[in-house]
Amino acid sequence: MSSLSLSHAWKIHLQETWSEWLKLTRMPMFVLPTLLFPWMFYLFFGVMFGRGAGNAEYLMVSYGTFGVIGPALFGFGVGVASDRQQGLLQLKRVLPMPMSAYFIAKIGISLMFSIVILLGLATIAVLFGGVRLGLTQWISLFAILLVGTLPFCAMGVFIGIRSNAQSAPAVINLLYLPMAFLSGLWIPIFILPAILQKIAVIFPAYHLAQLAFSVLDKHQGQSLMGHLLVLLLFTAVFLMLAGFGWRALRDR
Amino acid sequence: MSQQQHLQQVSTPATGSLLAEVTGVSHAFDKLKALNGVDLQVKAGQVLAILGPNGAGKTTLINMLLGIYTPDAGQIHLFGQTPGDLSVRQRIGVMLQQAELAETLKVRELIRQFATYYQNPLSQQQLLQMAGLEDKADTRYGKLSGGEKRRVQFAIALAGEPDILFLDEPTTGLDVQARRSLWANIKNYAERGAGIILTTHYLEEADALADQIMVLDHGRIVAAGTPSQIKQRVSLKQVHCRTGIPVEQLHLHPLIEKVEVEKHASHSDDKLTQCTLLTHQAEGLLRDLLQTDSDLTDLQVTGAGLEEAFLALTENNPTTDNREQAA
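All values derive from a computational prediction rather than experimental measurement.

1. Considerations on the sheet that holds strand β1 (residues 18-29) of chain B
Residue and element names in this part refer to chain B.
Turning to step 1, where the next piece is worked out: Overall, antiparallel pairing links the 3 strands, which are arranged β2-β1-β4 in an open sheet. Two strands in the sheet have a free side with no partner beyond their single neighbour: β2 (32-43) and β4 (73-78). On average, each strand axis in the sheet is inclined to that of its neighbour by 15°, with strand direction left out of account.
Turning to step 2, where the next piece is worked out: Sheet analysis places β1 next to β2, joined by 8 bridges and oriented antiparallel. Paired with Val22 across the bridge in β2 is Leu40.
Turning to step 3, where the next piece is worked out: In the packing of helix α2 (residues 58-65) onto the sheet, the strands contacted are β1, β2 and β4, and the crossing angle to β2 comes to about 60°.

Dropping the structure here:
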């Protein structure tokens, strides 16, 4: 039968990702906040008002975590909501495009933005913060933070299915910003009141940050396997919820 | 073997071969009947218009043909296969009623993106030309007019040189000029021998494009036929009056298709019959009635009270006026 050949499938995935990249990079409302917020915050709090390289190093990781969550939540949340509302999702579903291309494209873009954010932070850290890490540390940090965006992609899909294009940004900000603060991404977790430190464990961002801090050996000392399990569980739950929502969309 | 399959996909199906077949399809949403016993057939080279007012079930039917919903009852086959299969999707083109494309992408980029989905797409240049978009290739979708946006959606629908083209209300919301120029593009593609299934609530559009019209109302097919047959039914007028002419004589009148008596003449108080006459030639009939019947009174001419669908579709159509009054 005329099932998709591997080379054709590859071409479609690549094209879809490229189109998504072109589409988003031409939207200043997406690009500017996504890139500038983590860079600016880091420049102000990590470098200009920071106290030395240790601080700059610590905050590079926390703003890095903050940074990579943004494109995952917004790219998927707002993207899926508006594609759905505009009927584009429906159209793509009836065309001979494998649905995987739709998701791979969005994951790809979220990763590309994350890489740009991390490279920017690393540049600021090295040039102005005096941060020096070993090659393995850099690689592990990037790897953890990039793979760590996946739970937030799943959360984004769920939000995108559940909310419309107008309300999705607000819903995401209401989750994203308090979660970032309470997970210790803006202000180090150990400075927060004890009660908030205890609450932090309910947020996936906290667990991702702890895994990233472990590269500097600056995590809170809980089990790394525990953080990983929480993130996996979180991903599974949101994928399942998103899957239900997705099927409901289809059958409606 | 693989070469043979390849050939099958590239070649246009022979004229007259059955492309789409719907038999006895019924479907309900939340116990609300959306489609009720619908049958249709589309052969290669045929343009079928599904005509009906909003909420008639047109989009539901299209969505079933596209495999988005599975009907509660009945069968749908495209190329003898189940709608929604990848091999079926490779051979269709789709223009949905509401599908906005990415505003920040240029026309050329959108066409390239969607053409990639197909194994044997038409070239970008061909598609731009077939949709009349040559001078808009480098314009962003968001900067286009409503008519131009529709053209991009049309170009995308043609990308795989489809054997069946689905157009769900292709010109809704367009001005007359934009509508006519899109019609020309649709007609051009129809000449290539594909099957086209389009929905519309304009009789004029169905007439301009289709060789078969199916009128859908409340999920049921209320009329089907060629455009001239359908137009004839819509042109039927009702003449309401009270007349002194005996009913038997009215039945024999050559211009009257049907006589519906509302109130018979009685010898005591009223010597006139109150009735409704159906005719294709209201003017001629009126002339005749007024000449022969000096008692004629309460005269009123309205569009045919056929199915509500007919009224609705003619009301929605700015070019046909179905209500004329005479005294």
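Still more to cover.
2. A short note on the nonpolar core
Turning to step 1, where the next piece is worked out: With 160 residues, the main nonpolar core has A:Tyr42, A:Leu91 and B:Ile197 as its most contacted residues.
Turning to step 2, where the next piece is worked out: Tallying contributions element by element places helix α3 (residues 53-85) of chain A first for this core, with 14 residues.
Turning to step 3, where the next piece is worked out: Contact partners of B:Ile197, with chain neighbours within four places excluded, come to B:Ala20, B:Val42, B:Leu48, B:Ile50, B:Ile62, B:Leu65, B:Ile164, B:Leu165, B:Phe166 and B:Leu167.
Turning to step 4, where the next piece is worked out: Listed in part, the 15 residues of the second largest apolar core include B:Cys241, B:Ile256, B:Val259 and B:Leu296.

3. Some points on the domain arrangement of chain B
Turning to step 1, where the next piece is worked out: Per the domain assignment, the segments making up chain B are domain 1 (14-226) and domain 2 (237-303).
Turning to step 2, where the next piece is worked out: Look at where the C-alpha atoms of domain 1 of chain B and domain 2 of chain B centre, and you get two points 45 Å apart.

4. With respect to the interface of chain A and chain B
Turning to step 1, where the next piece is worked out: Contacts between the two partners involve 27 residues from chain A, matched on the other side by 33 residues from chain B.
Turning to step 2, where the next piece is worked out: The junction of chain A with chain B conceals about 2,900 Å² of combined surface from both sides, 60% of it contributed by carbon and sulfur atoms.
Turning to step 3, where the next piece is worked out: Viewed at the interface, chain B and chain A are joined by 1 salt bridge.
Turning to step 4, where the next piece is worked out: Across the chain A-chain B interface, the total number found is 9 residue pairs in polar contact (both at pLDDT 80 or more).
Turning to step 5, where the next piece is worked out: Listing elements by their share of the side of chain A that touches chain B, those giving two or more residues are α1 (6-25) and α4 (88-94) of chain A.
Turning to step 6, where the next piece is worked out: When residues in the side of chain A that touches chain B are grouped by element, the largest group, 8 residues, is from α1(A).
Turning to step 7, where the next piece is worked out: In terms of residue class, the side of chain A that touches chain B is built from 11 nonpolar, 8 polar and 8 charged.

Conventions adopted
- Residues numbered from 1 in each chain as written.
- Chains lettered and ligands numbered in written order.
- Predicted model: local features only at pLDDT ≥ 70, side-chain atom pairs only at ≥ 80, totals over all residues.
- Heavy atoms only, no water.
- Pairing = 2+ DSSP bridges.
- Helix = DSSP H or I, 4+ residues; strand = E, 2+ residues; numbered from the N terminus.
- Axes fitted to C-alpha atoms, helices over the stretch in contact; angles between N-to-C directions.
- Contact = heavy atoms within 4.5 Å.
- Core = buried A, V, L, I, M, F, W, Y, C linked by side-chain atoms within 4.5 Å.
- Buried < 20%, exposed > 50% of the residue type's maximum accessible area, 1.4 Å probe, protein only.
- Domains from an automatic or database assignment.
- Buried area = accessible area lost by both parts, 1.4 Å probe.
- Salt bridge = Lys/Arg side-chain N within 4 Å of Asp/Glu carboxyl O.
- Polar contact = N/O pair within 3.5 Å; in protein donor to acceptor, adjacent residues only side chain to side chain.
- Nonpolar A, V, L, I, M, F, W, Y, C, P; charged D, E, K, R; others polar.

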